[in-house]
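# Residue-level structural notes
For reference, the chains in residue letters:
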Amino acid sequence: IGVAALLVVVIAVTAFVLGGRKAPASSRPAGGAQSAQSQPAPTPAPPPAAAVATATLQIKTTPPGARITVNGVIQERRSNFTKQDVAAGTYTLKAEKSGFLPAFQTVKVDAGEQGQVLLALEPEAGTTGTLIVQVAPYATYFVDDQVQGQPNTMTAQIQLKPGVYTVKAVHPSFDPMVWNGVRVRANATVRLAHDFLKVTTGGLKVTSRGGWATVVLDGKPTGNTTPAVFAQLKTGTHTVSLVRGGFVVVDGMHTVVVRSGETATVDFTIHPE
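Described below are features of the structure shown in this document. Numbering of residues begins from 1 in every chain and follows the order in which that chain's sequence is written. Selection of residues for local features in this predicted model requires a pLDDT of at least 70, selection of side-chain atom pairs for listing and counting requires 80 or more, and totals for whole chains, interfaces and linings are taken over all residues. Water and hydrogen atoms were dropped before computing side-chain values, which therefore reflect all heavy atoms in the structure.

## Points about the overall build of the chain
For the record, the criterion: Helix and strand assignments follow DSSP, with helices taken as H or I runs no shorter than four residues and strands as E runs no shorter than two, numbered in order from the N terminus. Burial status follows relative accessibility: with a 1.4 Å probe on protein chains alone, a residue under 20% of its type maximum counts as buried, one over 50% as exposed, and anything between as partly exposed. Every residue pair with non-hydrogen atoms within 4.5 Å of one another is taken to be in contact.
Within the chain, the regular secondary structure consists of 2 helices and 20 strands. Taken over 273 residues, the chain has a buried fraction of 30%. A separation of at least 24 residues holds for 53% of the contacts in the chain among residues at least 6 apart in sequence.

Right under this line is the structure:
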């Protein structure tokens, strides 16, 4: 009995010691998951990229149609053109055209601004001819559809390489004057002249039967009443109609062609309403 009692005491002590070493359930991570303290911190988002500061570069040459090099890079387009979204900074430009000496210019453009470059090309010695065009009262001049010199002037003196050209003088109130097959020779001068007022104007006479009426020409009241004569009209097609309160215009609107040096006639019939 003494031995049995001693054995019971030993078993009880052993159980108490082993039971004291077990960690409490509340201190264990549930389901074997990592604790919040052991999780890695989130990666911060990268900062937004800085905006690129750009500008605009307008490139013109006289004459136009020159090959342009910007900072040593040949441009796809020939002058005149505008180069968009260029980085702010300093640019060196070179313009080249057959029959002309190269031209150079350096320009600095700031962000958000438009830089302007005008390169004047000088003809090579002994390789050009001179075209002089005189027009009354004035005109803007084109050679092969490229504008030359200042607009709305009486005279233009243009240096051209030897060749055959189409020359055009444009006045805002008249049909253009066009010279085809103009031949320019080296070290020679070609002269062209034109008078818009004498050659490309005509007249118009407007009458009405049944009473007077106000003349409307090309959709605009003229303030003139029938019979009315209009001199120095631009040659070409015009529309003519009459208006008068309390009257009916029988013929409605007329279309008339005014020819150079001639006077066209238009006759209407009106009667009271």
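## Quick look at the layout of surface pockets
Stated formally: A cavity here means a set of points on a 1 Å grid, drawn over the protein atoms and nothing else, where a 1.4 Å probe fits but cannot get out; a pocket is an open set with protein on both sides within 12 Å along at least five of seven lines, and a residue lines either one if it has an atom within 4 Å of a point. Grid points are joined across faces, edges and corners, and a volume is the space filled by probe spheres set on the points. Three categories are distinguished: nonpolar for Ala, Val, Leu, Ile, Met, Phe, Trp, Tyr, Cys and Pro, charged for Asp, Glu, Lys and Arg, and polar for the others, with Gly belonging to the last.
Estimated volume of the largest pocket: approximately 850 Å³. In this structure, the largest pocket is lined by 33 residues; those nearest its centre are Thr 62, Pro 63, Pro 64, Val 147 and Gln 148. Take the lining of the largest pocket: its biggest share by element is 12 residues, from strand 9 (residues 146-160). Classifying every residue of the lining of the largest pocket gives 14 nonpolar, 14 polar and 5 charged.

## Focus on the sheet that holds strand 17 (residues 236-243)
Definition in use: DSSP-based pairing: two strands are paired if at least 2 bridges between them are found. Each axis is a line fitted through C-alpha atoms, taken for helices only over the stretch in contact, and angles between the N-to-C directions span 0 to 180 degrees.
Across the sheet, 4 strands lie side by side as 15-14-17-19; this open sheet has antiparallel pairing. Only two strands of the sheet have a single partner each, and these edge strands are strand 15 (220-225) and strand 19 (254-258). Each strand of the sheet is rotated relative to its neighbour by a mean of 35°, with strand direction disregarded. Where strand 17 and strand 19 come together, 5 bridges link them in antiparallel fashion. Residue pairing across strands places His 238 opposite Val 256, the latter belonging to strand 19.

## What about the pattern of salt bridges?
Keep this limit in mind: By convention in these notes, a salt bridge is any Lys or Arg side-chain nitrogen within 4 Å of a carboxyl oxygen on Asp or Glu.
Counted by the stated rule, this structure contains 5 salt bridges. A salt bridge links Lys 168 to Asp 145; the nearest nitrogen and oxygen atoms lie 3.8 Å apart. With a gap of 23 residues between them, Lys 168 in strand 10 (residues 163-170) and Asp 145 in the loop between strand 8 (129-143) and strand 9 connect regions that are remote in the sequence. By relative accessible area, which is 63% here, Asp 145 ends up exposed. We note a salt bridge from Lys 234 to Asp 175, for which the minimum N-O separation is 3.9 Å. Taken together, the residues span a long stretch of sequence, with Lys 234 in strand 16 (residues 228-234) and Asp 175 in the loop between strand 10 and strand 11 (177-184) at a distance of 59 residues. Overall, Asp 175 belongs to the partly exposed group, its relative accessible area being 31%.

## Quick notes on the nonpolar core
Which entries qualify depends on this criterion: What we call a nonpolar core is a set of buried Ala, Val, Leu, Ile, Met, Phe, Trp, Tyr and Cys residues that are connected through their side-chain atoms within 4.5 Å.
Residues Leu 131, Val 133 and Val 167 are the most contacted members of the largest nonpolar core, which totals 19 residues. Of the residues forming this core, the biggest block, 6 residues, is contributed by strand 8. Leave out the neighbours within four places in its chain, and Val 133 touches Tyr 141, Met 154, Thr 155, Ala 156, Val 167, Trp 179 and Leu 192.

## Quick notes on the pairing of strand 8
Alignment of strand 8 against strand 9, held across 10 bridges, turns out to be antiparallel. Directly across from Thr 130, in strand 9, lies its bridge partner Gln 159. Remark: 2 residues form the turn of the hairpin made by strand 8 and strand 9, two consecutive strands paired antiparallel; Asp 144 in that turn has positive phi of roughly 50°. Note: strand 8 against strand 12 (residues 189-195), 7 bridges, orientation parallel. Along strand 12, the bridge assignment pairs Thr 130 with Thr 189. With 4 bridges joining them, strand 8 and strand 10 adopt antiparallel strand pairing. Opposite Tyr 141, over in strand 10, you have Ala 169 as the bridge partner.

## Some words on the environment of Pro 64
Within the fold, Pro 64 resides in the loop between strand 1 (54-62) and strand 2 (67-70). Each C-alpha atom of the pair Pro 64 and Val 147 lies 8.5 Å from the other, and the pair is 83 residues apart in sequence. The contact partners of Pro 64, leaving out residues within four places of it in the chain, are Ser 79, Asn 80, Lys 97, Gln 146 and Val 147.

## Observations concerning the sheet that holds strand 4 (residues 81-87)
The sheet built from 3 strands is open, its strands ordered 4-1-7 with mixed pairing. A strand with exactly one partner marks an edge of an open sheet, and here the two such strands are strand 4 and strand 7 (114-120). Averaged over all pairs of adjacent strands, the angle between their axes in this sheet comes to 25°, without regard to strand direction. Summarising the sheet, strand 1 and strand 7 pair through 7 bridges and their orientation is parallel. Residue pairing in the sheet places Thr 61 in a bridge with Leu 119 of strand 7.

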